[in-house]
Amino acid sequence: MRALSLLFGLAVVLTGCKTDDVPTADDIFANLDRHLGKRVTFKTKLRSGARCRVGEQGEFKTYCGDCQYCRGPVVVGTALKTKEEGLDDWPMILAGAHAGQDIRCEGPLNEVECRPFDLDKTYVIRGRLENQHPPRLIVQEFWEAEEEE
């Protein structure tokens, strides 16, 4: 049975994975408990979870009238109403590194960049979903999703 599973996994890697065959992040959220602690692959748009503050010291805040610097996680986007579904405002955050830099959002106010992602694009992301609060996906690999026709 294990050999069959390995053979199937190898076939998926060699043939690629069409974007249509990949579940969405909302599909993962629908059965989140079942996916915790496991390797998952899903399609999603991302958003910034950056919080901002004034100067070098102080607390990072969601709202800040005279903020100068922002940082925070890259957050998995969802069409679900998070409160009604029992999810946090950040239903899942991404963690890990890519090209020697942490996966995160940071920068001056109104110039926040989320490395290594473009928030206007849709991605297929694969990683291990940790049972944290909020759930944290340790990113193993990602690629831009094919455009839907």
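In the block above lies the structure referred to throughout.
Residues numbered from 1 in each chain as written. Predicted model: local features only at pLDDT ≥ 70, side-chain atom pairs only at ≥ 80, totals over all residues. Heavy atoms only, no water.

> I'd love a proper account of the overall build of the protein chain, names of residues and values included.
The helix and strand inventory of the protein chain stands at three helices and 11 strands. Counting from the amino terminus, helix and strand elements in the protein chain follow one another as α-α-α-β-β-β-β-β-β-β-β-β-β-β. With 149 residues in all, the protein chain has 32% of them scored as buried. If you take every contact in the protein chain between residues at least 6 apart in sequence, the share linking residues at least 24 apart comes to 55%. Of the roughly 9700 Å² of accessible surface on the protein chain, a fraction of 48% belongs to carbon and sulfur atoms. (Helix = DSSP H or I, 4+ residues; strand = E, 2+ residues; numbered from the N terminus. Buried < 20%, exposed > 50% of the residue type's maximum accessible area, 1.4 Å probe, protein only. Contact = heavy atoms within 4.5 Å. Areas by Shrake-Rupley, 256 points an atom, 1.4 Å probe, with all protein chains shown as cover.)

> Please provide a residue-by-residue account of the state of the cysteines, values included.
Throughout this description, disulfide means a covalent bond between two cysteine sulfur atoms. In the structure shown here, the tally under the stated rule is two disulfides. Disulfide pairing is shown between Cys52 and Cys70; the S-S distance is 2.1 Å. Residues Cys52 and Cys70 are joined by a disulfide whose S-S torsion is about 100°; by sign, that bridge is right-handed. Of this pair, Cys52 sits in strand β2 (residues 51–53) while Cys70 sits in strand β3 (residues 69–72); the two residues are 18 residues apart in sequence, bridging distant segments of the chain. You can call Cys52 buried: its relative accessible area is 11%. A relative accessible area of 1% places Cys70 in the buried class. In this model Cys105 forms its disulfide with Cys114; the gap between the sulfur atoms is 2.0 Å. Residues Cys105 and Cys114 are joined by a disulfide whose S-S torsion is about 110°; by sign, that bridge is right-handed. Here the two residues Cys105 and Cys114 agree in accessibility, since each one is buried. (Disulfide = S-S within 2.5 Å.)

> Please give an account of the pattern of salt bridges that cites residues and values.
Under the definition given, this model contains five salt bridges. Residue Arg115 pairs with Glu106 through a salt bridge whose shortest N-O separation is 2.9 Å. The class for Arg115 is partly exposed, based on a relative accessible area of 22%. Close ionic contact of Glu130 with Arg136 constitutes a salt bridge, the shortest N to O distance being 2.7 Å. Arg136 sits in the partly exposed class, given a relative accessible area of 29%. Overlapping salt bridges bring together Arg39, Arg126 and Glu141 as one network. (Salt bridge = Lys/Arg side-chain N within 4 Å of Asp/Glu carboxyl O.)

> Please provide a residue-by-residue account of the pairing of strand β1 (residues 39–48), values included.
Bridge count for β1 against strand β10 (residues 122–130) is seven bridges, and the pairing is antiparallel. Looking across to β10, one finds that Arg39 is bridged to Arg128. (Pairing = 2+ DSSP bridges.)

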